[in-house]
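Okay, here's what each chain looks like letter by letter:
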Amino acid sequence: MPVKIRLARGGRKKVAKYRVVAADSRVSRDGEFLETLGYYDPQTNPKTFEFKTDRIAHWIKQGAVPTLTVKNLLKQDRFFEKMEKGAEGIERKAERKRKPKVHKKPAAE
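To start, this report covers the structure provided alongside it. (Residues numbered from 1 in each chain as written. Predicted model: local features only at pLDDT ≥ 70, side-chain atom pairs only at ≥ 80, totals over all residues. Heavy atoms only, no water.)

1. Focus: the environment of Thr48
Here Thr48 shows up in strand E4 (residues 48–51). Overall, the relative accessible area of 31% leaves Thr48 in the partly exposed class. Residues Thr48 and Leu73, spaced 25 residues apart in sequence, show a C-alpha to C-alpha distance of 9.9 Å. Dropping the residues within four chain positions of it, Thr48 is found in contact with Tyr39, Tyr40 and Asp41. (Helix = DSSP H or I, 4+ residues; strand = E, 2+ residues; numbered from the N terminus. Buried < 20%, exposed > 50% of the residue type's maximum accessible area, 1.4 Å probe, protein only. Contact = heavy atoms within 4.5 Å.)

2. Overview of unusual backbone geometry
With an omega dihedral of 5°, the bond running from Asn45 to Pro46 counts as a cis peptide bond. Looking at where Pro46 falls in the secondary structure, it is placed in the loop between strand E3 (35–41) and E4. One non-glycine residue with positive phi stands out, namely Lys14, at about 65°. Of note, Lys14 is situated in the loop between strand E1 (3–10) and strand E2 (17–24).

Structural data, given as structure tokens:
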């Protein structure tokens, strides 16, 4: 059974929230999944996400493949660096701050 770590959509219309799940790749996006591994909220500024790193590491060791979006989120969380060096190898900084996007208004003429 090919397992992928991917996003499952939730939330109401036009207010998307996602769960990071381990699911069979043949099942639909919001269909049955094996385990919930975290969440991702793109509506907040800055975007928020949280993972169960031990469970994601378990699934990756079992052969699960993260999708491109989940892989990018894991990179932002420095997950792969932590896996390589171990959790003790990286000094734990205060929660990483992400700068909110600044929307520039066009100059009125």
